[in-house]
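# Results of the structural survey
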Amino acid sequence: MLYPIENKVREVKNLNGIWNFRIDTDNAGIEQKWYEQPLTDVVPMAVPASYNDLFTDARLKEHVGYVWYEREFIVPDSWTDKRIVVRFGSATHHARVYLDGIEVVRHKGGFLPFETDITELLETSGIENHRLTVALSNVLDWTCLPCGEVITEEGSKYPEGYHYQESYFDFYNYSGIHRPVKIYATPKNYIRDITIKTEVEGLSPDFSDEKPVTIKDYKKLEELPTANKATVKVWVESTDEIQSVKIIDENNEIVCEKEITQSNVIDSLKDAKDSSNDVETYFAEVEVTNPKLWNPGATYLYKLCVEGKEDIYTEEFGIRTIETTDKQFKINGKPFYFKGFGRHEDSDIHGKGLDEALNIRDFNLLDWIGANSFRTSHYPYSEEQMMLADREGIVVIDEVPAVGMCFWDGQSVFAGGKVSDETLEHHLDVLSEMYQRDKNHPSVVMWSVANEAATHEEGAALYFEKVTSTMKGLDDTRPITIVHTTGPDGDKVSQWVDVICVNRYYAWYNDHGHLDVIGLQLKEEMDKWHAKYNKPIIMSEYGADTIAGYHKLPAVAFTEEFQCEYLDEYHKVFDQLEYMIGEHVWAYCDFQTKQGLNRVDGNKKGVFTRNRQPKAAAHLLRKRWK
Ligand code: BDP
């Protein structure tokens, strides 16, 4: 899915700002057709933002069900004869969008964009001020990702109708319109989608003799790979007649150009919105000699400019290769060691709402600490973050919101009537939406199809065989992983992934406080994983809750000393194991969770505070990673 851009034939209008807002206390608004009239009893609400932390009333903050957003907009006269689209960067979790009282799109899933063509409605309405209304529900059940369930309590101990949202994942269920809302105009005949894949020849130097798999060895590989030639394969879906594709370098010089004709058309489909018009898929191959490669920390971004008779679209991309072996993860032939974090989109007041200033602070901190990568735990992050990652050379493991598919008390998720065919169908849809959104980002080097699902269950094998084969079918250029809580003995799904990701909390959730057992237990488990699957391993989570400013010698749990010693114990093991290809500390920052006995106002495993300031462990990691 293309990001809305401006150029000489395309225009974008941002609808961010203050909207009207109303909590649908009885969840009756849809039945009562609130969308037909301007909303009443509204309060002002910021978009993009989570609404939860903007209220002082717990009933509003914790509301389960629908809320309503509304604003007006005017379409400029200059957009007459254009195709006009409304687009949401994300709305969490189930959205119904109405234009002037008429439903125009529904979307399920809180972390990916959706859009719809509103040209016809706008043209026939005869109105100048258009009303955009959004009914948004934050309810999670077993048919959506993340999974959850609404629990209703009965009996004399609870007020009548008492209910709350239950979830089996560890972050607050922030809700709202979290990412930008835009309307944009394209020519009537338009470029619908672009897919770019690159192949590289003549990579050098040859790193294959090196054994640079642990962090210490990796430091020896300072040299950057180069290549003789790249083939850029381009697929363009368009209702417009495509005439050329050009590759433009960072100096804005055209490095190659190719004329496109009808002979490049490889497929033709009816446009769902406009049956008089076919969506044609054009395919072309363009060669770049001596390409500048996109390397982690040393990026190079080319632009692919596609020109049709009416429309133009320019997409950034990078040229790089990815390969996995039994012990390595290679980017441009050079072994890559993941140093970084599992993160969250989370901050005070904004919740999960896009905050570009915060993103810049985060990328500056990643640079300061020497991190080269992160996982989008546990849902795809904003498109704006992905663009920053491309530009700053931060490597991304892109994860779908498949989290909360495990009970910690032994109940079955896959055979207990929880996960169903409907869940699977939605999971596959989300994989596809994530791929469609992020496929051209060079920073994305691997897809994660789930976090901590109950992969020891029989039903999980059937389920994840479909999930992994679907992901592989979508993208033949990137490896895939699944992130485990299950151990190597129980796991039933890792035969289908390329890299094993393991979250481990030795000395935290097990043998709490016993730092001296970490080395033994960790090494034994990692060796088992590698012996069973012969695949490289990333420690995708390890960490200890730490209250900033708490100190004690000798170290005890929750102090800054403990967090440092805890991480050190893990690192000693990683540095001995040649199949370990990375360490992602849990977590980058402290973050909000639901209330719980082991959460003192949130998860405190951050290496940075929620306010993005370093704990002692940040300095330790900086020394190690730099
Ligand atoms: C893992 C989860 C992560 C949690 C973390 C923890 O993947 O979301 O926040 O543990 O407990 O189970 O801190």
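Residues numbered from 1 in each chain as written. Predicted model: local features only at pLDDT ≥ 70, side-chain atom pairs only at ≥ 80, totals over all residues. Heavy atoms only, no water.

### A word on the site of the ligand
Residues in close proximity to the ligand total 13 residues, the closest being Asp-170, His-378, Glu-452, Tyr-509 and Lys-605. Between the ligand and the protein, one listed contact pairs an oxygen atom with a side-chain N or O atom of Tyr-509 at 2.4 Å. When isolated, the ligand has an accessible area of 320 Å², and the protein chains bury 91% of it. Of the residues belonging to the shell around the ligand, the class tally is four nonpolar, four polar and five charged. (Near = heavy atom within 4 Å. Polar contact = N/O pair within 3.5 Å; in protein donor to acceptor, adjacent residues only side chain to side chain. Areas by Shrake-Rupley, 256 points an atom, 1.4 Å probe, with all protein chains shown as cover. Nonpolar A, V, L, I, M, F, W, Y, C, P; charged D, E, K, R; others polar.)

### Side note on the packing of aromatic side chains
According to the stated counting rule, one finds 44 aromatic pairs in the structure shown. With 5.2 Å between their ring centres and 45° between their planes, Phe-21 and Tyr-51 make a pair best called tilted. Separated by 30 residues along the polypeptide, Phe-21 in strand E2 (residues 17-23) and Tyr-51 in the loop between strand E3 (43-47) and helix H1 (58-61) bring together distant segments of the chain. Take Phe-21 and Tyr-51: they sit in the same class, and that class is buried. (Phe/Tyr/Trp six-rings, centres within 6.5 Å; stacked < 30°, edge-to-face > 60°. Helix = DSSP H or I, 4+ residues; strand = E, 2+ residues; numbered from the N terminus. Buried < 20%, exposed > 50% of the residue type's maximum accessible area, 1.4 Å probe, protein only.)

### Topic: the sheet that holds strand E4 (residues 66-74)
Strand order in this open sheet of six strands is E3-E2-E4-E9-E6-E7, and the pairing throughout is antiparallel. The open sheet has two edge strands, E3 and strand E7 (102-108), and neither has a second partner. Each neighbouring strand pair of the sheet contributes to a mean axis angle of 30°, computed without reference to strand direction. Bridge analysis of E4 against strand E9 (residues 129-137) gives nine bridges, and the strand direction is antiparallel. The residue of E9 that forms the bridge with Tyr-66 is Ser-137. (Pairing = 2+ DSSP bridges. Axes fitted to C-alpha atoms, helices over the stretch in contact; angles between N-to-C directions.)

### Here we look at the side chain of Lys-439
Here Lys-439 is to be found in the loop between helix H6 (421-438) and strand E27 (444-451). Assessed through its relative accessible area of 6%, Lys-439 is described here as buried. Here Asp-193 takes part through its side chain, which lies 2.6 Å from a polar atom of the side chain of Lys-439.

### Here's the deal with the packing of H6 against helix H7 (residues 458-474)
As a packed pair, H6 and H7 sit with axes 10 Å apart at the nearest point and diverge in direction by 20°. Relative to H7, the element H6 lies roughly parallel. For the element pair H6 and H7, the recorded crossing hand is right-handed. Only Tyr-463, Phe-464, Lys-466, Val-467, Thr-470, Met-471 and Leu-474 of H7 make contact with H6, whose side of the interface consists of Thr-423, Leu-424, His-427, Leu-428, Leu-431, Ser-432 and Tyr-435. The residue makeup of the contact of H6 with H7, split by class, is nine nonpolar, four polar and one charged. (Parallel < 35°, antiparallel > 145°, perpendicular 65-115°, else oblique. Left-handed = near helix turned anticlockwise from the far one by under 90°. Contact = heavy atoms within 4.5 Å.)

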